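Inside the fold
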Amino acid sequence: MSREDNSKGGKRSGKSKSKSFDRSNAPAKKTNQGPKKISNSDEIRLNRFVANSGVCSRREADLYIQTGSVWVNGKPITEMGYKVKLTDEVKFDGRLITPHKKEYVLLNKPKGFVTSTSPEKTRTVMDLVANASKHPLKPVGRLERNTTGLLLFTNDVDLEKKLTHHKSGVRKIFHVELDRNLKFEDLEKIQKGMKLQEGFIQVDEISYIEGASKNEIGVQLKSAKNNIITKIFEHLNYNVIKLDRVIFGGLTKKDLPRGHWRILTEQEVINLKMM
């Protein structure tokens, strides 16, 4: 594996008196029309929810609702005009859908950021992609606080589950820097596979980084287990000084500086879905 080239680029970003009067002389309002209904802006009609997800038109959504193809929170809904909250679990033909256009954002994560969607006292990766979308995005998998490199965000629930499944087989390549040179016999042990507390771990490929010292290693694997690279080397009494994910499912860091993000191309999305 060759040493990664550093490139520069710009960060994507985006930003998204009434007159008073004396009511004493105002005509009295009619009261025989009953209480005014207060609309909940967090609720939308189910047919609109389905149509916004991109699976069909709103008119077609009405037909699917009538035939019981749309479920809300585990129950089929056939009522026309039924309203749902944006936080409800809505399924179309058994598939979870969201009322927003599906978006895909790739971040080159720097050190010191936690992979979390919950508000925390410390910095999270969500701070770095705050301007990437108007809709809530979720990180696909996670990188440890001091691990750098590629992290994908999306509101595509199906793809997120597919890529994080333990049998997904998503190719990931890491650039590892150790506290000391890696012995060749230890490199062979890792290549053959190791039994850890998490189970038997098999990497696809491991090699010294070309043109670098023997403490810089390239590791390719498909395991979805968290922090597994660090655990592999710690098992052999090495400390990981730097860990950088340089490839994720065919996506690379080309023209994506540390701390910056970009929108995936249509072809990149297709490639991920076909994996």
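Residues numbered from 1 in each chain as written. Predicted model: local features only at pLDDT ≥ 70, side-chain atom pairs only at ≥ 80, totals over all residues. Heavy atoms only, no water.

1. Overview of the overall build of the protein
- What the protein contains, in helices and strands, is 7 helices and 17 strands.
- Taking all 275 residues of the protein together, 41% fall into the buried category.
- A total accessible area of about 17300 Å² is found for the protein, and carbon and sulfur atoms account for 47% of it. (Helix = DSSP H or I, 4+ residues; strand = E, 2+ residues; numbered from the N terminus. Buried < 20%, exposed > 50% of the residue type's maximum accessible area, 1.4 Å probe, protein only. Areas by Shrake-Rupley, 256 points an atom, 1.4 Å probe, with all protein chains shown as cover.)

2. A word on the pairing of strand S10 (residues 172-178)
- When you tally the buried positions in S10, you get 6 out of 7 residues, the bulk of the element.
- Where S10 meets strand S14 (residues 216-221), 6 bridges bridge the pair, whose relative direction is antiparallel. The residue bridging Glu 177 from the neighbouring strand is Glu 216, located in S14.
- Across 7 bridges, the pairing between S10 and strand S15 (residues 240-248) is antiparallel. Its bridge partner being in S15, Lys 172 is matched across the sheet by Phe 248. (Pairing = 2+ DSSP bridges.)

3. Details of the pattern of salt bridges
- For the structure on display, the rule yields 10 salt bridges.
- For Asp 156, the salt bridge goes to Lys 273, with nearest N and O atoms at 3.8 Å. With Asp 156 in the loop between strand S9 (148-154) and helix H4 (157-164) and Lys 273 in helix H7 (residues 266-273), this pair connects stretches of sequence that are 117 residues apart.
- Among the ionic pairs, Asp 204 bridges to Lys 222, the shortest N-O distance being 3.3 Å. With Asp 204 in the loop between strand S12 (199-201) and strand S13 (205-208) and Lys 222 in the loop between S14 and helix H6 (228-235), the pair connects residues that are 18 residues apart, well separated along the chain. (Salt bridge = Lys/Arg side-chain N within 4 Å of Asp/Glu carboxyl O.)

4. What about H7?
- Taken residue by residue, H7 has Glu 268, Val 269 and Leu 272 as its buried positions. Buried residues of H7, viewed axially, fall in a sector of 100°; they line one side. (Arc of directions from axis to C-beta.)

5. Quick notes on the confidence of the model for the protein
- Considering every residue of the protein, the mean pLDDT works out to 85; 85% of them sit at 70 or more.
- Low confidence marks residues 4-11, where pLDDT is under 50. Its contacts with residues over four positions away, or in another chain, come to 13 contacts.
- Counted against residues more than four places away or in other chains, residues 13-40, with its pLDDT under 50, gives 3 contacts. (pLDDT = per-residue confidence, 0-100. Contact = heavy atoms within 4.5 Å.)

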